[in-house]
Amino acid sequence: MTVTLPASRVADARAFAECLVPGRRICITTHVNPDGDGLGSEVGLVHLLKARGVDAVITNPSPTPERYRFLFADLPGVDKTPEAVKELRKADLILVLDISDVGRLGMLSQTVLERGVPVACIDHHVSQGHLPDGPRYVDPEASATGELIFQLAHANGWPLTPLAARALYVAILTDTGAFRFSNTRPSVLRTAAALLETGLDPEQIYLDVYANAPEGRTRLVAETLQTLVVEGESGLAWVTVPPGALERYGATADDLDGIVEHPRSIAGVRMALLFREIAAGRIKVSLRSVGNVDVAAFAKPFGGGGHTKASGLSVEASMAEAQAQVLQAARAYLAGAGG
Ligand code: 5GP
Ligand code: MN
């Protein structure tokens, strides 16, 4: 399968690659609670760089969820997340993947802001944020940051090894909802085909990512879905993670991935929300939309962002206050210009 890129993208990808040279200390990082796209993009890029004699380490603000650890089995010593701050202090280049806003780097934000080294970024979010200056390879039309890493390899003639391809396939698989969401453009399937052609087993990747779950995940999903509220007249549906549920099931934030697709799947729903307490008095809201409702724009006044149909925000409030505030805003949004 051949993937063709517009000449301007090829030029941008070649210009970007100039920052990825041997001898530099490169730290790659992504957003808090990393997902399949953040981690798959990091691992894919590390394999591509290693093959070219460029060393890089991964320094994330949150630990790698169990679900994605298989990606790291072939990369001993590369995940330096437990020593992220120490590693970032030695870096000549910081490369931020799958986010354009320093605020989403959690406890690493301050170090990244203070270092004074170039901060490169590869990202596909529509929401603009702030990062210190450095090279950029950004395209909000891309399905996943993993697709942009594929483009980088393609434009620069870097050979795709099966391990790099597997990681990038995971990135695209997870950010397209397994090739179901509106970002599954023809070019995405061409890219996925090129990745599979390196000899990947798609069923094994499905099993690794989606069918190797601890029992607690299904119990957590079951308990959370019990909280479903559907408001037919406004087009809203939401679920709430019960207090202490993650702890009770030995679960992590990663185990919540995909739950919000259930309220979204109900006929007539235009905006689906998942509420959970991430710290005392801090509530995180995951938002998904159907049709032309722009949830990135909805999240913006709350200091959140993301993509048109998948975004997030957090508010300083009790659960009851956060729900009152966000749901009130959502009803008004759907009834007005946003709907
Ligand atoms: P999720 O709901 O799966 O955590 O996130 C969905 C999308 O929204 C992702 O693209 C993620 O990067 C973005 N997102 C989630 N939470 C926040 C947030 O608090 N701020 C911003 N700017 N984006 C978020
Ligand atoms: Mn992504």
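The coordinates are above.
Parameters at a glance
Residues numbered from 1 in each chain as written. Chains lettered and ligands numbered in written order. Predicted model: local features only at pLDDT ≥ 70, side-chain atom pairs only at ≥ 80, totals over all residues. Heavy atoms only, no water. Buried < 20%, exposed > 50% of the residue type's maximum accessible area, 1.4 Å probe, protein only. Helix = DSSP H or I, 4+ residues; strand = E, 2+ residues; numbered from the N terminus. Arc of directions from axis to C-beta. Contact = heavy atoms within 4.5 Å. Polar contact = N/O pair within 3.5 Å; in protein donor to acceptor, adjacent residues only side chain to side chain. Disulfide = S-S within 2.5 Å. Pairing = 2+ DSSP bridges. Donors = N, O, S within 2.8 Å, 3.2 Å for Na, K, Ca; no water. Near = heavy atom within 4 Å. Areas by Shrake-Rupley, 256 points an atom, 1.4 Å probe, with all protein chains shown as cover. Salt bridge = Lys/Arg side-chain N within 4 Å of Asp/Glu carboxyl O. Core = buried A, V, L, I, M, F, W, Y, C linked by side-chain atoms within 4.5 Å.

Asker: Quick question: what am I supposed to make of helix α8 (residues 202–210) here?
Answerer: Of the positions making up α8, those classed as buried are I205, D208 and V209. Looking straight down α8, one finds its buried side chains confined to an arc of 90°; they lie on one side. Its buried side turned inward, α8 meets α6 (162–175) and α9 (215–225). Sitting at the amino-terminal end of α8 is D201, which places a side-chain oxygen 3.1 Å from the backbone nitrogen of E203.

Asker: So what exactly am I meant to see when it comes to the state of the cysteines here?
Answerer: As used in these notes, a disulfide is a covalent bond between sulfur atoms, one from each of two cysteines. If you walk through the whole model with that rule in mind, you get zero disulfides. The thiol of C19 is not disulfide-bonded; the next cysteine sulfur, from C121, is found 11 Å away. According to the relative accessible area criterion, C121 is buried, its value standing at 1%.

Asker: I tried to follow the pairing of strand β8 (residues 271–279) on my own but got confused; where do I start?
Answerer: Working note: regular strand, side chains alternate between the two faces of the sheet. Here strand β7 (residues 236–240) runs beside β8; their pairing, made up of five bridges, is parallel. In the strand pairing of β8, A237 is matched with A272. Taken together, the eight bridges between β8 and strand β9 (residues 282–289) define a ladder with antiparallel strand orientation. Residue pairing in the sheet places E277 in a bridge with I283 of β9. Between the antiparallel neighbours β8 and β9 lie two residues, among them G281 with a positive phi of about 75°.

Asker: In this structure, what is going on with the coordination of the manganese ion (ligand 2)? I would like to understand it.
Answerer: Angles between donor atoms at a metal ideally measure 109.5 degrees for a four-coordinate tetrahedral arrangement and either 90 or 180 degrees for a six-coordinate octahedral one. Every protein donor of the manganese ion (ligand 2) is accounted for by D37 (OD), D98 (OD), H124 (NE2) and D175 (OD), and the metal-donor separations fall at 2.1 to 2.3 Å. All donors to the manganese ion (ligand 2) come from one chain, and their sequence spacing reads D-x60-D-x25-H-x50-D. Highlighted residues: D37 in helix α2 (residues 36–50) and D98 in the loop between β3 (93–97) and α4 (109–114), separated in sequence by 61 residues. For the pair D37 and D98, one class covers both residues: buried.

Asker: I would appreciate a short explanation of the sheet that holds strand β11 (residues 310–316) in the present structure.
Answerer: Two pairing modes exist for strands in a sheet, parallel and antiparallel, and in both the strands are linked by backbone hydrogen bonds. Reading across from one edge, β6-β7-β8-β9-β11-β10 is the order of the six strands in this open sheet, with mixed pairing throughout. The open sheet has two edge strands with one neighbour each: β6 (229–231) and β10 (305–306). Looking at chain direction, β6 and β7 are connected through three bridges and run antiparallel. Bridging from a neighbouring strand, E231 pairs with L236 of β7.

Asker: Got a minute to help me understand the site of ligand 1 in this structure?
Answerer: Around ligand 1, the structure places 13 residues, and the nearest of them are H125, K284, S286, R288 and G305. Note that an oxygen atom of ligand 1 is positioned 3.0 Å from one of the side-chain N or O atoms of R104. Between ligand 1 and R288 there is a distance of 2.8 Å, counted from an oxygen atom to a side-chain nitrogen or oxygen. If ligand 1 stood free it would expose 490 Å²; the protein chains cover 81% of that surface.

Asker: Help me out: how do you make sense of the pattern of salt bridges in this one?
Answerer: Where charged atoms from two side chains of opposite charge approach closely, those side chains can pair. With the rule as written, the count across this model stands at twelve salt bridges. R217 is paired through a salt bridge with D255; the nearest N and O atoms lie 2.7 Å apart. Of this pair, R217 sits in helix α9 while D255 sits in the loop between α10 (245–248) and α11 (261–264), and the two are 38 residues apart along the sequence. Of the two residues, R217 and D255, neither departs from the other in class, the shared state being buried. Between R331 and E231 there is a salt bridge; the shortest N-O distance is 2.8 Å. In this pair, R331 sits in helix α13 (residues 319–335) while E231 sits in strand β6, placing the two residues 100 residues apart along the sequence. The structure contains a network of salt bridges with shared partners spanning E261, R264 and R288.

Asker: Can you walk me through the nonpolar core in this structure?
Answerer: Inside soluble globular proteins, nonpolar side chains tend to come together where they are buried. The biggest cluster of nonpolar side chains holds 55 residues, and the ones touching the most others in it are F16, L20, L45, L95, I122 and W158. For this core, the element with the highest residue contribution is α6, accounting for eight residues. Residue contacts for W158: discarding those within four places in its chain leaves A17, L20, L45, L48, L49, R52, L152 and A153. Judged by nonpolar contacts, the second largest core, of 23 residues, contains L236, F302, V326 and L327.

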